[in-house]
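Spelled out from the first residue to the last, the chains are:
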Amino acid sequence: MKWQAGLLPFNCEYLIVEGSLSHRDGWCTIDGENSIEDLENYSSRAALVIALGSCAAYGGLPRAVPNPSHAVSVGELMAAGEINAQALVNLPGCPPVPEVMTGTIIHYLTYGTLPELDELARPLPFYGRTVHHRCPRKASYKAGKFAESFDDEGARNGWCLLHLGCKGPVTRNACSALGWNQGTSMPMHSGHGCLGCSEPDFWDRWEPRGGVYATLAASKKQMGRPDRKRTTRATDCPGKLSR
């Protein structure tokens, strides 16, 4: 079906937004139309808006300093009144875990409501625990065994990657529970630490600025989140649209 750009010909249960949006003319367009203007038209016809991936949820990598594209997230546009303030759920990750998207959508279509959300509008069933909680290297962490370089004996023996910049202890996502490629693997299985991609501003968050391999010990001000679910509710989700 073809329709005029910027206008959905029907109401919909949910709208999925992928990618950050830009206030700069010509930087992010759909069929020549500014992405924010298109989102305003589309979101007004959806009962639920799903910001899929860290770019849509937080602005993502395009927003990294100095943010030349003036990238913004869906939630920021809603908070500023630039688009309709619809029910919103954020599913961050760079990229997001596929089962997180399908699980959230199935829950919404089945029950007409969202799962419980945290203060960043993320569903707690998928973002209620840290990546560290189910890390396959957690036994080494508890034993105090840490790799000090990516090619040392510890790395080859599957030791903890915390000293190599892993952000698993302060990153909430389902990677270590669900894995990737239908549960085949995940970064720590492959010898690389978590980059914290499901948290806001992960690219610039760590000290020194922009150092995704900076260790948590060098960024102590970023730590302190307990490994417990947070129960602050985000925007309530309305009932399903009648079909």
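Located above this text is the structure these notes cover.
Described in the following lines is the structure provided in the data block. Residue indices follow the written sequence of each chain, beginning from 1 at its first position. Local features in a predicted model are, by the rule used here, given only for residues with pLDDT of at least 70; side-chain atom pairs are given and counted only at 80 or more, and totals for whole chains, interfaces and linings are based on all residues. As a rule here, side-chain values come from all non-hydrogen atoms in the structure, and water together with hydrogens is ignored.

As for the pattern of salt bridges
Oppositely charged side chains can form a pair if their charged atoms are brought close together. In the sections that follow, a salt bridge refers to a side-chain nitrogen of Lys or Arg positioned within 4 Å of a carboxyl oxygen of Asp or Glu. Taken as a whole and judged by the stated rule, the model has 3 salt bridges. One salt bridge in this structure joins Asp118 and Arg122, with 2.9 Å as the shortest N-O distance. The pair formed by Asp118 and Arg122 is uniform in burial state, with each residue classed as buried. When salt bridges that share partners are traced, they join Asp118, Arg122 and Glu199 into one network. Exposure categories follow from relative accessible area, calculated using a 1.4 Å probe and restricted to protein chains: below 20% of the type maximum is buried, above 50% is exposed, and the middle band is partly exposed.

Remarks on the packing of aromatic side chains
Between the rings of Phe, Tyr and Trp (Trp by its six-membered ring), a pair exists once the centres lie within 6.5 Å; its type follows the angle of the planes, with under 30 degrees stacked, over 60 edge-to-face, and the other angles tilted. Enumeration over the complete set of coordinates arrives at 3 aromatic pairs. When the centroid spacing of 6.2 Å and the interplanar angle of 90° are considered together, the rings of Tyr141 and Phe146 count as edge-to-face.

A few points about the environment of Val212
In this fold, Val212 is placed in the segment after helix 8 (175-178). Separated by 17 residues in sequence, Val212 and Leu195 have C-alpha atoms that sit 6.3 Å apart. In what follows, residue pairs with any heavy atoms lying within 4.5 Å of each other are defined as contacts. Leaving out residues up to four positions away in the same chain, Val212 has contacts with Gly165, Lys167, Leu195, Phe202 and Trp203. In this description a helix means any DSSP run of H or I spanning at least four residues, a strand means any run of E spanning at least two, and both kinds are numbered starting from the N terminus.

Here we look at the pairing of strand 7 (residues 87-91)
Most of strand 7 sits out of view: 5 of its 5 residues are buried. Alternating residues of strand 7 divide into Ala87, Val89 and Leu91 and Leu88 and Asn90, and every residue in both groups is buried. Between any two strands, at least two bridges found by DSSP are needed for them to pair. Here strand 5 (residues 46-52) pairs with strand 7 via 5 bridges, running parallel. Note that in strand 7 the partner of Ile50 across the bridge is Val89.

Points about the environment of Glu148
Note that Glu148 resides in the loop between helix 6 (138-143) and helix 7 (153-156). Taking the C-alpha atoms as reference, Glu148 lies 8.8 Å from Leu162; in sequence the two are 14 residues apart. Once residues within four sequence positions are removed from consideration, Glu148 is found in contact with His163 and Leu164. Side-chain polar atoms of Glu148 contact the side chain of His163, separated by 2.8 Å. Each polar contact in these results corresponds to two N or O atoms within 3.5 Å; when the atoms are within protein, one needs to be able to donate a hydrogen and the other to accept it, and residues that are neighboring in sequence are counted only if both atoms are side-chain atoms.

Some remarks on a negative patch on the surface
A cluster of acidic side chains, namely Asp25, Asp31, Glu33 and Glu37, defines a negative patch on the protein surface. Here Asp25 lies in the loop between strand 2 (21-22) and strand 3 (29-30). Residues form patches when they are more than 30% accessible in relative terms and have no salt bridge. Like charges link within 9 Å. Nonpolar side chains (Val, Leu, Ile, Met, Phe, Trp, Tyr) link within 5 Å. Working definition of accessibility: Shrake-Rupley area with a 1.4 Å probe, residue cover restricted to the visible protein chains. Charge convention: Lys and Arg are scored as positive, Asp and Glu as negative, and His as well as the terminal groups of each chain are ignored. Every charge is mapped onto a representative atom, which is NZ of Lys, CZ of Arg, CG of Asp or CD of Glu.

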